[in-house]
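# Secondary and tertiary structure notes
If you want the building blocks of each chain, they are given just below.
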Amino acid sequence: MKIEISRRKFLQGSVALTILGGSTLSSVNLFAEDSKKKSNNNNKKIPTLCEMCVNKCAGIAEVKNGIVKKLDPNPLFPKSRNMLCPRGVAGVHALYDPDRLKYPLVRVGKRGDGRFKRVTWDEAYEAILNGTEDFKGLKEILDKEKNNRSTIGYCAGEGMAEHTFKSFMFNKMGSLNFVNHASICLQTTISAHKLTIGAYGQADLENANYVIMAGANRAEAIVTPDTMDIFKRTRGRGATLIVVDPRYTNTAVLADEWLGIKVGTDLAFVLALTYVAIKEGLYNKKFVEQNVNGFKEYKEHIISNRYTPEWAEKITGIKADKIVKIARDFMASAPRAIFYQGRRTAWSLQDFQFRRASAIFTALGGGVDIKGGIVFGKKLPLPSHKINTPFYTNTKNRIDRDVALMVGRNGSWIGWRNKIIEKRTEYPIRAMFTYKQNPMLSVPNVAKTKKLFEMMDLVVTIDTMPSDTVIMSDVILPECTYLEREDPIKSFGGVEPAIALRRKVIEPLYESRPVFEILKGLSKKISLSLWEVSRKYDEDIDDDMEAYHEEGFDLTDMFGKSQEEVNRALFTKKYGEKAYQTLKQKGVYYPNMDKYFKKISKNEYQYYPEDKKYYSVLKKDLKSEIYRGDCVDEKELASTEGKVKTKSGKIECNLTFLTKKGTYAMPTWQDKLYKETPEYKFRFITGRHAQFTQNSTANNAMLLDLVRENYIWINKNQADKLGIGYGDVVEVKSPIGKVEIKAYPTNKIIENVVFYVHGFGSTSDELTLGYRNGASDNMIISDDIEHTFGSAVMHETDVEIRKVES
Ligand code: SF4
């Protein structure tokens, strides 16, 4: 199948905004065909949710004769406000990419050499259960490990069906060894905010008057609707944006001030801002007195350690008077002032304390749980899908609990992998199941990840594209794309909460299946055989069929109803059949949507009236009208009693339990965790580009048409000294690997720092466009971890650069 879309048409599509005919929902029919098409039953408009990145914007797919012609934004969803970014529009190419995985495949050559044979689904499941002459099957593996289910490792990327995969592997298969994107994504900042202010929350950029962004390149890295708020509504109405970044990014271009900070010194910057706010008494005393725990100790700590602007200037490279001015201006704008919580994984070894310090700084201005600050919002309740979970006596605990101070259920990708390859685990991990993740490109130190896969007895991968990880697999199970399946229904919390549904737009192409159906088929094949293994080693398991069914050992019972039936049952239980029909037809539902939703101007919509939005949710009177009805689980609200969700119910400056865990109770700068880049070397930093989502878009023709490959940014003065010009190929060498990439000398990056975007440099030759296009960052990023939660630290690697060819 060949689908050609010209660049001009594509760009038109990405900015095309749906113009509605009426002013309220009842007068709008977004899903009607125009009169000419109406006569043709083969034309449809179906609501869906984008999966080209994690944001899940709402779209409408236009389908003609079973072909998805284009994707338009769905204006009804408060989260995405009538927007699909270029990646969202390019979802059509994810569907029709000729390189897609089309059939189940089983390895026949050496692992990693790319030789596979096409098999039926049943043969693929059979290979997973009993292996082939080239690899072992689950039955033999579990037999060897005496039914310690945790010998099966598994990983997943973020997505609406991630929970289905995780539930199957965790609740039904019984393994505790799960690693997901969290420790290579937002783990550190989310956890630091949870511990400090009770939740990561949502920066109310639409109403903030002052925003500091450190290391968050929203205008370039994640162009979502709330990004647009920063630049459209926030700046447009005169709010101030300060960008702190070693690079003059596209976000910095749009800011009031760019501060080119030295890599890894953001903590010193915030501590100095805090020093000024405390020393000059600028903080919100009433708010602090009522809501902040341990402030007295924190105040003493900041003052006695002399975290002065002059001290910070020497570390950060930001002038002391600038720090003083920013602290004063921020507090003058507070409580509508936010130190943005940040995105992605840890940049430096001190990131946990940096995120704690920034959350406390926002709180000192009173900007928590308030319009224009960090808000918590509400979530529309949805009943959960119950699973009958078996108990496997011999299952051992996960292997990576000691790699950091607090490793949670989502694990530490790097710590987990390194323990396995260094053979430091209590028991061996013999199998690896991968779903919607490409650790060969997404986890720092590719050589070590390759070794991990080489060590496995069995590697099973579920994906849509032949990624670098797919090539390392024994059994490949082709998943259909998000446009070919219905996913678990999802409730989106926030100031304007809503429930949205990702509906199937067309039937799965080729022999691909949704992960729900893939696991259903697998469970049918393996359930009884694995139960036999369990009975052999777990003495407590009854061997009659009644126990098999009643105690959850029947793996198939998780898939008794289809995904569509599960969604319908869960939703109607709470909101009824009429609401379900609205959800199905429009893709979005929230109570009173028909009354609240209004078109205000050409591309502006009201979702909730201002007085119905959930800005401050902790202190509201439960009797208030806003808290009645379907929108809020009143029990959950009552339990908060006006407190944030920390242990003490207050914002925490001084977490003494952290001392027992082995780290500082209060944000503290540690010289020993900061290293200057040696002369003649460069600190490597990485980031994202708006047109690419990690590495999942590496082969997308529509997006590559906009940005063909990645270039390395290098300070122009330094490039001149090295004789490096634009487009020259340079070798970038770190202690763990090297790559070749084209150079982009520029004054938009500070000296001694180099940068290129993530998402390029695939080595899978099954990717026609992605193969060896640009360079992979994780080929050179060393595997440092942040020691509180075990997240990958991306900006601690020094590299050498030399010109290879002009
Ligand atoms: S931001 Fe873009 S890629 Fe991400 S969900 Fe929205 S439309 Fe899709």
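The structure contained in this document is the topic of the report that follows. Here the residue index of a chain counts from 1 through its sequence in written order. Note on the predicted model: pLDDT of at least 70 is required for a residue's local features to be given, and 80 or more for side-chain atom pairs to be given and counted; whole-chain, interface and lining totals, by contrast, use all residues. To get the side-chain values, take all heavy atoms of the structure and skip hydrogens and water.

If you tally the helices and strands in the protein chain, you get 29 helices and 29 strands. C-alpha atoms define the radius of gyration in this analysis, and the globule rule sets the expected value at 2.2 Å times the number of residues to the power 0.38. In terms of overall size, the protein chain behaves like a compact globule, its C-alpha atoms giving a radius of gyration of 26 Å where 806 residues would be expected to give roughly 28 Å. Along the first, second and third principal axes, the C-alpha atoms of the protein chain reach 70 × 60 × 60 Å. Relative to its full complement of 806 residues, the protein chain shows a buried share of 61%. The long-range share in the protein chain, meaning contacts at least 24 apart out of those at least 6 apart in sequence, stands at 73%. Accessible surface, the protein chain as shown: approximately 31600 Å² in total, 48% of it carbon and sulfur. By the counting rule applied here, Lys and Arg register as positive and Asp and Glu as negative, while His and the ends of each chain are not counted. Here the site of a charge means NZ on Lys, CZ on Arg, CG on Asp, or CD on Glu. The protein chain carries 122 positive and 102 negative side-chain charges, and their two centres are separated by 4 Å. Only DSSP runs of H or I covering at least 4 residues are called helices, and only runs of E covering at least 2 are called strands; the numbering of each starts at the N terminus. Exposure classes here rest on a 1.4 Å probe applied to the protein chains alone. A residue is buried below 20% of its type maximum, exposed above 50%, and partly exposed in between. Between two residues, a contact is recorded if the distance between any of their heavy atoms is within 4.5 Å. Here, Shrake-Rupley sampling with a 1.4 Å probe gives the accessible areas, and only protein chains in the shown set may cover a residue.

To continue, consider the packing of helix α12 (residues 266-279) against helix α17 (residues 351-364). It is the contact of α12 with α17, at a shortest axis distance of 9 Å, that shows an interaxial angle of 25°. On the basis of the axis angle, α12 is roughly parallel to α17. Here α12 runs over α17; the crossing is left-handed. Each of Asp266, Leu267, Val270, Leu271, Leu273, Thr274, Ala277 and Ile278 in α12 lies in contact with α17, whose residues at this interface are Gln353, Phe354, Ala357, Ser358, Phe361 and Leu364. The residue classification treats Ala, Val, Leu, Ile, Met, Phe, Trp, Tyr, Cys and Pro as nonpolar and Asp, Glu, Lys and Arg as charged. All others, Gly included, are polar. Along the lines of polarity and charge, the residues of the contact of α12 with α17 split into ten nonpolar, three polar and one charged. Only C-alpha atoms enter the line fits that serve as axes; for helices the fit covers just the stretch in contact. Angles between N-to-C directions range over 0 to 180 degrees. For classification purposes, an angle smaller than 35 degrees is called roughly parallel, one larger than 145 roughly antiparallel, one from 65 to 115 roughly perpendicular, and anything else oblique. Two helices crossing with the near one rotated counterclockwise from the far one by less than a right angle form a left-handed crossing, whereas a clockwise rotation gives a right-handed crossing.

Below, the discussion takes up the site of the ligand. A single heavy atom is enough: if one lies within 4 Å of a molecule or strand, its residue is considered near that molecule or strand. Every one of the twelve residues lining the ligand counts as a neighbour, but Cys50, Cys53, Lys56, Cys57 and Cys85 are closest to it. The definitions used throughout rest on a 1 Å grid laid over the protein atoms alone, on which a cavity is an enclosed set of points accommodating a 1.4 Å probe that cannot get out and a pocket is an open set flanked by protein within 12 Å on both sides along at least five of seven lines; lining residues are those having an atom within 4 Å of a point. Molecule-in-pocket calls rest on the fraction of atoms, with more than half required to lie within 2 Å of the cavity or pocket grid points. Counting atoms within 2 Å of the grid points, the majority share of the ligand lands in the largest cavity. Here the shell around the ligand is built from residues that sort into seven nonpolar, three polar and two charged.

Burial analysis of helix α7 (residues 162-172) places eight of its eleven residues in the buried class, the great majority of the element. Residues Glu162, Thr164, Phe165, Ser167, Phe168, Met169, Asn171 and Lys172 constitute the buried set of α7. Looking at the packing, one finds that the buried side of α7 touches β6 (152-156), β7 (178-180), β15 (431-435), β16 (458-463), α22 (515-537) and α24 (563-586). Downstream of α7 by one or two residues, Gly174 has phi in the positive range, about 90°.

Another point: empty space enclosed by the protein. Grid points are joined across faces, edges and corners, and a volume is the space filled by probe spheres set on the points. A complete count under the given rule lists four cavities of 30 Å³ or more for this structure. Taken as a whole, the largest cavity encloses approximately 80 Å³ of empty space. Of the residues that constitute the lining of the largest cavity, the class distribution is eight nonpolar, two polar and one charged.

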